[in-house]
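Each chain, written out:
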Amino acid sequence: MKIFRLWGVIAFFVIGLLLALIWYLVAPAIIANSIESVGSEALGAKVEVEQVDLALFPLRIEIDNLQAADPDQPMNNLFEVKQINFAVDSGALLWKKVLIDELTIDGVQLNTPRTSSGALEGGRATQQLADNIASVDLPEMTEDDIKQMVAKADLITTKRLNKLNKTQSKMQDYWKSALDKEANKKRVAGLEKEYKRLSKRAKDNKMNLLADRKAWKKLKKGIDKERKVISDLNKKLKTDKNKLKQQIASVRQGPKDDLNAIMGNMGLGNGVAGLSDKFLGPQFTPWIEKALAMTEGMTSSEDSTEDAPVYSTSQGQLVKFRDKQIFPDVLVKKLNLSGKDSQWQLSGVGSNLGYFPWLVGKPGKLDLDIAGDGQANLSIVSDWSSAEKMQTKVDSSIKQWQVSNMKLMQTDQGSWLVNSGELNSTLKGEFTLEKVNLKLSIKLSNPNITAPENLSGWQKILAKSLNQQKQLSVDVSATGSLKEPDIKVKSSIEKLFSAAIGAKVKQQAEKLKGKFTSAISEKVGDLSSLDGITGDFDQWSEQLKGNDDLLKKLKGGI
Amino acid sequence: MLTILVKLLKALNSEQSPGQLAFAVSLAIILGFTPLLSLHNLIILLVALWFRVNLSLLIVSYPLFALSGYLLSPFFESVGLNILQMPSLLPFWESFFNTLFGRWSNFYYSGVMGSFVVGLVTAIIVFPLAKFAIVAYREKWLQRFNQFKIMKMLKASKFWQLYSE
């Protein structure tokens, strides 16, 4: 009987060809769909693409009429792009890398009207739980309300505790296997046995020293190798212990951070001062938060201490081996950006924009200029000398820009809009993987502000006094680390808040602080046992020391 | 369900050699355990089509192993991670990752590596066992099976007729 069937091979290749053909026909729709779904999810409003053209030889992609709706004003687009055009290097694609020599983004327009609403039905798929606990009204809360709020909140302490448990469990697995008592004992005992055997032979007859010289050499080499392993393990033990200690300290700090986060979220963080954060924060800080989170995301969630780093993915753990194709997974060598409206003209250039950026070898740069009645520019230089070392500098300014329909803040009653005024703003600073230092300063001269209708009480007083101001200023500062940036908003409006509701808020804050502290403690449980976690390290250290002492003694005898 | 049962019985009762049937089960194990859209599965498909493997049995048994694969995925991931992080194998995996096949194989994902290795080992173990079971079934059980009422009813059904053509 024949074991091969020819029609099978033919069928295989026919199926292959058909699949390739289907892919070629369907790929533009898949690309458009991916841009729309990922973009919409990231922006929180509809991102739409009219058409994607794909040419194979050379591989070139053209995206026509991309529009991204404004999440706050769904009948307007945040921006619209007439055409995005780029060619992908096929050679690099073979190595699963996207290398783009020149990316051209043409016909950028801002704030264009839409024919249909750009609001996402049902909102984002992944909505932050923390958003739900924000309320703009001054809270009158019972103990049950507080407990419920804490129960719902995605507590920082719980997250840190989970991370600590994960790290501890990984470390325990690693060290249990690395310090397997039986295996270590066996290896060291083997070396000791060999030492005793050779010593005995040497004692019996000195000439055996010559005859056994190769065996002595091998034994010495074996001892050195074992001691090198112990020395490496000792170094790693210290690093791991420090890492765990840092995480324990971070967990201990957790309840305080949770209290600040929850109180801040309610506008009670720093008494009256927290109110700027509460009311103006949602308008002025999300883009800073997003930019920092994006940079933090680039460092990826490496969660292994092994030689080859490991990243969590949907297909399991991705073990990243040293890549000999030394360029990033995605690299845009040159970016050209242009667009204009009746009132302004945009031009921009970028270079060496890559992911992972440390593989680019050169600093990534982006310069944008907008010229109109006023002048605006943005300059970002991001230099990643390695995966662990990054420095990004931001320098941007807006001068004498006439604004209209700019949202100042949102309360339950509706949007507070700036109808007219002159905007001067700067965003300067730098951030590294360890430290963030960014300052955004916004000055709005001669503002004409429309407040929502049907205001009452302190909000009515605030609306009246806002329109009497010659200049409003808002200062946003971002400090801390990339993982946990501390973003604060201060504003000249603070005085107005204070006049409207100051004393009431202060009293409320003091009253609620104690209740929240006890509700958080109740939820996170007892943290006093955390110190015991590092106890294993002393035991492991002792074990390593014991083996090393014995080997040292053996080596001394050779 | 009935269709699957008929297909399975037809394959077992057919003239095909036990080796061809056992080979189908082994290939279905690898296909089912590992993510379907993987480069190695193209090779498995080529082997299945090129060699005289019983395709009906492969298609029928695939969903069963795919379900088992889904349930066993945490185990696959832990096996895969251990293999990929084995210090003695690191240089090998590094070289492999830097080949075109390695880059597209997705073997550097613990899930893919673990499921492939476990699938391959299981397939190798199952092959002789399945062959032995099929021979034993045909020699000892086939006649007795055909006497069962349910078998007679099944053989009279339109499904059986359909698959007899």
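Residues numbered from 1 in each chain as written. Chains lettered and ligands numbered in written order. Predicted model: local features only at pLDDT ≥ 70, side-chain atom pairs only at ≥ 80, totals over all residues. Heavy atoms only, no water.

Caption draft 1: Structural view of the interface of chain B and chain A. Taken together, the contacts link 31 residues of chain B with 30 residues of chain A. Summing both sides of the interface, chain B and chain A together bury roughly 3,000 Å²; the carbon and sulfur share of this comes to 63%. Considering only the surface of chain B that becomes buried against chain A, Leu-49, Arg-52 and Arg-103 of chain B emerge as the three largest contributors, covering 20% of it. Between Arg-322 of chain A and Glu-94 of chain B there is a salt bridge; the shortest N-O distance is 2.8 Å. Our count for the chain B to chain A interface comes out at 14 residue pairs in polar contact (both at pLDDT 80 or more). Of all the secondary structure elements, the ones that give two or more residues to the side of chain B that touches chain A are helix H3 (39-50), helix H4 (55-85), helix H5 (90-97), helix H6 (100-105) and helix H7 (110-147) of chain B. With six residues, H3 of chain B is the single largest residue contributor to the side of chain B that touches chain A. (Contact = heavy atoms within 4.5 Å. Buried area = accessible area lost by both parts, 1.4 Å probe. Salt bridge = Lys/Arg side-chain N within 4 Å of Asp/Glu carboxyl O. Polar contact = N/O pair within 3.5 Å; in protein donor to acceptor, adjacent residues only side chain to side chain. Helix = DSSP H or I, 4+ residues; strand = E, 2+ residues; numbered from the N terminus.)

Caption draft 2: Broad picture of empty space enclosed by the protein. Residue and element names in this part refer to chain A. A complete count under the given rule lists one cavity of 30 Å³ or more for this structure. The calculated volume of the largest cavity comes to roughly 50 Å³. Lining the largest cavity, in full, are Phe-284, Met-406, Leu-408, Ile-442, Leu-444, Leu-472, Ser-473 and Val-474. Counting only elements with at least two residues in the lining of the largest cavity, the list comes to strand S12 (406-411), strand S14 (436-450) and strand S15 (471-480). (1 Å grid on protein atoms, 1.4 Å probe; cavity = no way out; pocket = protein on both sides within 12 Å on 5 of 7 lines; lining within 4 Å. Points joined across faces, edges and corners; volume = space filled by probe spheres on them.)

Caption draft 3: Main features of the pattern of salt bridges. Residue and element names in this part refer to chain A. This structure, assessed with the given rule, holds 17 salt bridges over all chains. Measuring nitrogen to oxygen at the nearest pair gives 3.8 Å for the salt bridge that ties Glu-192 to Lys-196. Separated by four residues within a single helix, Glu-192 and Lys-196 lie in helix H6 (residues 181-204), roughly one turn from each other.

Caption draft 4: How the structure looks around the layout of surface pockets. Of the pockets and cavities examined, the second largest pocket occupies roughly 1,500 Å³. Together, 34 residues line the second largest pocket, and Leu-19 and Trp-23 of chain A together with Leu-37, Leu-42 and Trp-104 of chain B are the ones closest to its centre. Taken together, the elements giving at least two residues each to the lining of the second largest pocket come down to helix H1 (6-43) and helix H2 (90-94) of chain A together with H3 and H4 of chain B. Per-element accounting of the lining of the second largest pocket gives the leading share, nine residues, to H1 of chain A. Of the residues assigned to the lining of the second largest pocket, the class counts are 27 nonpolar, five polar and two charged. (Nonpolar A, V, L, I, M, F, W, Y, C, P; charged D, E, K, R; others polar.)

Caption draft 5: Looking closely at the confidence of the model for chain B. Residue and element names in this part refer to chain B. The predicted model of chain B averages 86 in pLDDT, with 87% of residues at 70 or higher. Helix H9 (residues 158-164) is the least confidently modelled element of chain B, averaging 63 in pLDDT, while helix H2 (residues 18-33) averages 93, the highest of any element. In the predicted complex, the global pTM is 0.57; the interface-specific ipTM is 0.76. (pLDDT = per-residue confidence, 0-100.)

Caption draft 6: Quick look at the pairing of strand S4 (residues 98-110) of chain A. Residue and element names in this part refer to chain A. In this structure, strand S3 (residues 77-88) lies alongside S4, joined through eight bridges in antiparallel fashion. Counted as the bridge partner of Phe-79 is Leu-110 from S4. Note that S4 and strand S7 (residues 330-340) share seven bridges and pair parallel. Directly across from Ile-100, in S7, lies its bridge partner Val-332. (Pairing = 2+ DSSP bridges.)

Caption draft 7: View of a positive patch on the surface. Residues and elements named next belong to chain A. Together, Arg-213, Lys-214, Lys-217, Lys-221 and Lys-225 make up a region of like positive charge exposed at the surface. Its place among the elements puts Lys-217 in helix H8 (residues 213-265). Judged by relative accessible area, which is 64%, Lys-217 ranks as exposed. (Patch = residues over 30% accessible without salt bridge, like charges linked within 9 Å, V, L, I, M, F, W, Y side chains within 5 Å. Areas by Shrake-Rupley, 256 points an atom, 1.4 Å probe, with all protein chains shown as cover. Lys, Arg positive; Asp, Glu negative; His and termini not counted. Charge placed at Lys NZ, Arg CZ, Asp CG, Glu CD. Buried < 20%, exposed > 50% of the residue type's maximum accessible area, 1.4 Å probe, protein only.)

Caption draft 8: Main features of the nonpolar core. Ranked by internal contacts, the top residues of the largest apolar core, which has 40 residues, are Leu-408, Leu-462, Leu-466 and Ile-493 of chain A. Looking at this core, the element that brings in the most residues is S14 of chain A, giving six residues. Listed in part, the 36 residues of the second largest apolar core include Ile-30, Leu-31, Tyr-109 and Ile-134 of chain B. (Core = buried A, V, L, I, M, F, W, Y, C linked by side-chain atoms within 4.5 Å.)

Caption draft 9: Main features of unusual backbone geometry. Residues and elements named next belong to chain A. Cis peptide bonds are those with omega within 30 degrees of zero, and the linkage from Phe-57 to Pro-58 qualifies with -5°. Positionally, Pro-58 belongs in the loop between strand S1 (47-55) and strand S2 (60-69). Here the phi dihedral of Asn-352 falls at roughly 55°; this positive angle occurs in a residue that is not glycine.

Caption draft 10: Expanded view of the packing of helix H5 (residues 156-178) of chain A against helix H13 (residues 535-557) of chain A. Residues and elements named next belong to chain A. Contact geometry for H5 and H13: axes closest at 12 Å, N-to-C directions at 15°. Here H5 lies roughly parallel to H13, going by the angle between them. The crossing of H5 and H13 is left-handed. Together, Met-171, Gln-172 and Trp-175 of H5 and Asp-536, Phe-537 and Trp-540 of H13 make up the contact between the two elements. (Axes fitted to C-alpha atoms, helices over the stretch in contact; angles between N-to-C directions. Parallel < 35°, antiparallel > 145°, perpendicular 65-115°, else oblique. Left-handed = near helix turned anticlockwise from the far one by under 90°.)

Caption draft 11: Spotlight on the packing of H1 of chain A against H3 of chain B. In the contact formed by H1 of chain A and H3 of chain B, the axes pass within 7 Å of each other and the chain directions differ by 145°. Facing Trp-7, Gly-8, Val-9 and Phe-12 of chain A of H1 of chain A, the residues of H3 of chain B in contact are Leu-42, Leu-45, Leu-46, Leu-49 and Trp-50 of chain B.

Caption draft 12: Representation of the pairing of strand S13 (residues 414-432) of chain A within the structure. Residues and elements named next belong to chain A. In this structure, strand S11 (residues 389-403) lies alongside S13, joined through eleven bridges in antiparallel fashion. Bridge pairing in S13 places Val-394 opposite Gly-429. Examined bridge by bridge, S12 and S13 share five bridges and lie antiparallel to one another. Considered in S13, the bridge of Gln-410 is made with Ser-415. Counted between consecutive antiparallel strands, the loop separating S12 from S13 contains two residues. Strand direction decides the pairing type here: S13 and S14, joined by 13 bridges, are antiparallel. Bridge assignment links Ser-425 to a residue of S14, and that residue is Ile-442.

Caption draft 13: Structural detail: the packing of aromatic side chains. All names here are of chain B. Enumeration according to the criterion identifies 23 aromatic pairs over all chains in this entry. Look at Phe-92 and Phe-96: their rings are 6.2 Å apart centre to centre, the planes differ by 15°, and that puts the pair in the stacked class. Placement of the pair is Phe-92 and Phe-96 together in helix H5, with a separation of four residues, close to one helical turn. Ring centres of Phe-97 and Tyr-108 lie 5.0 Å apart, and the angle between their planes is 85°; on these two criteria the pair is classed as edge-to-face. A residue pair is termed long-range when its members are at least 10 positions apart, and Phe-97 in helix H5 and Tyr-108 in the loop between H6 and H7 qualify at eleven residues. Here a set of aromatic residues connected by ring pairs shows up, and it is made of Phe-92, Trp-93, Phe-96, Phe-101, Phe-107 and Phe-116. (Phe/Tyr/Trp six-rings, centres within 6.5 Å; stacked < 30°, edge-to-face > 60°.)

Caption draft 14: How the structure looks around the side chain of Asp-70 of chain A. Along the chain, the position of Asp-70 of chain A falls in the loop between S2 and S3. Excluding anything up to four places from it in sequence, Asp-70 of chain A contacts Ala-45, Asn-76, Asn-77 and Leu-78 of chain A.

Caption draft 15: Structural detail: the side chain of Lys-97 of chain A. Note on placement: Lys-97 of chain A falls in the loop between H2 and S4. We classify Lys-97 of chain A as buried; its relative accessible area is 1%.

Caption draft 16: Inspection of the confidence of the model for chain A at higher detail. All names here are of chain A. Per-residue confidence for chain A averages 80 on the pLDDT scale, and 87% of its residues sit at or above 70. Within the model, the stretch residues 126-139 combines pLDDT values under 50 with 27 contacts to residues more than four positions away or in other chains. Contacts for the low-pLDDT stretch residues 301-306, under 50 throughout, to residues beyond four places or in other chains number 18 contacts.

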